[in-house]
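# Structural overview
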Amino acid sequence: MLFYSYFKTLVGKEVTVELKNDLAITGTLHSVDQYLNIKLNSIRVVNEQKYPHMLSVRNCFVRGSVVRYVQLPPGSVDVELLHDATRREARGG
Amino acid sequence: MAEEDNTVREPLDLIRLSLDEKVYVKLKGERELRGKLHAYDQHLNIILGDVEETVTTVEIDEETFEEIIKTNKRMVPYLFVRGDGVILVSPPLRS
């Protein structure tokens, strides 16, 4: 639940999601669920020349399993909070 | 209890002891990451800080059939990595 809770704190922030097919999408995080499925609003594709087929898409749902990376906005990463939450999770699991 | 905290009883303990340390992560698709470990869970979902990603690609020269190995590097301030791509996590090398 650690990352589900963490991503909920990022709702409304701009993130870049990199998929396993190398497509990278920047957008405003609208919501996230327990599978780390992600809904993004007002998206744009990072490399539009290479992936022009997404130009008309404004909002999208991304299945959690196809995500490779999520680039996080530096201002919303509280390192100490993450350490504490990780240690709690390690004890509990 | 403090003593118990530093013993490695199960594999994930090794990663717990690497929190806030620079780690090496090998991923599927010839990808490697080096960065500071800030969070992980039992799936090996990970958050790294000051990450250097290295992607290695091998191309074959059409005329000589020699393998040309290319590495692309980039830096990312904070990166969430989904656990299903992780092959191994190695603690920092101490000199």
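Predicted model, so just to flag it, every value in this text is computed and none were measured. (Residues numbered from 1 in each chain as written. Chains lettered and ligands numbered in written order. Predicted model: local features only at pLDDT ≥ 70, side-chain atom pairs only at ≥ 80, totals over all residues. Heavy atoms only, no water.)

## Some thoughts on the UniProt feature "domain: Sm" (unreviewed entry) in chain A
Applicable threshold: UniProt positions are given in the numbering used here, feature names are shortened, and annotations may be inferred rather than shown by experiment. Put simply, DSSP H or I for four residues or longer makes a helix, DSSP E for two residues or longer makes a strand, and each gets a number counted from the N terminus.
Under the UniProt annotation, "domain: Sm" (unreviewed entry) lies at residues 2-76 of chain A. Taken as a whole, residues 2-76 of chain A contains 11% helix and 41% strand, while its terminal C-alpha atoms sit 15 Å from one another.

## Things to note about the pattern of salt bridges
Residues and elements named next belong to chain B. The following threshold applies: The term salt bridge refers to a side-chain nitrogen of Lys or Arg lying within 4 Å of a carboxyl oxygen of Asp or Glu. Each residue gets one of three labels from its accessible area relative to the maximum for its type: buried under 20%, exposed over 50%, partly exposed in between, using a 1.4 Å probe on protein chains only.
Taken as a whole and judged by the stated rule, the model has eleven salt bridges over all chains. Residue Lys70 is joined to Glu59 by a salt bridge in which the shortest nitrogen-to-oxygen separation is 3.5 Å. Residue Lys70 is found in strand β4 (residues 67-81), and its partner Glu59 is found in strand β3 (residues 46-60); the two are separated by eleven residues along the sequence. By relative accessible area, which is 40% here, Lys70 ends up partly exposed. When its relative accessible area of 39% is taken as the criterion, Glu59 is described as partly exposed. Where Arg82 meets Asp84, a salt bridge forms, and the shortest distance between an N and an O atom there is 3.4 Å. Relative accessible area serves as the criterion here: at 34%, Asp84 is assigned to the partly exposed category.

## So, the interface of chain B and chain A
Frequently, the measure chosen for interface size is the accessible area removed from exposure when the parts meet. Quick note on the threshold: Contacts are assigned to residue pairs that have any heavy atoms within 4.5 Å of one another. A simple way to read buried area is as the amount of 1.4 Å-probe accessible surface that goes missing from two parts once joined, with both sides added. Contacts described as polar in this section are N or O atom pairs within 3.5 Å, which, within protein, must combine one atom able to donate a hydrogen with one able to accept it, while residues neighboring in sequence count only if both atoms come from side chains.
Taken together, the 25 residues of chain B in the interface contact 26 residues of chain A. In this assembly, chain B packs against chain A so that about 2200 Å² is buried in total across both faces, 64% of it on carbon and sulfur atoms. Remark: the boundary between chain B and chain A carries nine residue pairs in polar contact (both at pLDDT 80 or more). Elements that contribute at least two residues to the side of chain B that touches chain A include exactly β2 (31-40), β3 and β4 of chain B.

## Side note on the environment of B:Pro91
All names here are of chain B. In this structure, Pro91 sits in the segment after β5 (86-90). On the basis of relative accessible area, Pro91 is assigned to the partly exposed category, the value being 29%. Sequence separation of Pro91 and Tyr24 is 67 residues, and the distance between their C-alpha atoms is 6.7 Å. Not counting the four nearest positions on each side in its chain, Pro91 is found in contact with Leu14, Ser18, Lys22 and Val23.

## Things to note about a nonpolar patch on the surface
All names here are of chain B. We count it as follows: Patches in this entry comprise residues that are over 30% relatively accessible and not in a salt bridge; like charges within 9 Å are linked, as are nonpolar side chains (Val, Leu, Ile, Met, Phe, Trp, Tyr) within 5 Å. Surface exposure here means Shrake-Rupley accessible area, sampled with a 1.4 Å probe, where a residue is shielded only by the protein chains that are shown.
A cluster of nonpolar side chains, namely Val8, Leu14 and Leu17, defines an oily patch on the protein surface of about 220 Å² accessible area. Along the polypeptide, Val8 turns up in the loop between α1 (2-5) and α2 (11-16). For Val8, a relative accessible area of 48% corresponds to the partly exposed category.

## Overview of the packing of aromatic side chains
Stated formally: Under the pairing criterion, centres of Phe, Tyr and Trp rings, with the six-membered ring standing for Trp, must be within 6.5 Å; the plane angle then separates stacked pairs below 30 degrees from edge-to-face pairs above 60, leaving the rest tilted.
For the structure on display, the rule yields three aromatic pairs over all chains. Each ring, one from A:Phe7 and one from B:Phe80, has its centre 4.8 Å from the other, and the planes form 85 degrees; the classification is edge-to-face. In this pair, A:Phe7 sits in helix α1 (residues 2-9) while B:Phe80 sits in strand β4, so the two residues belong to two different chains. The same class applies to A:Phe7 and to B:Phe80, which are both buried. Three or more aromatic residues joined by ring pairs make a cluster, and in this case those are A:Phe3, A:Tyr6, A:Phe7 and B:Phe80.

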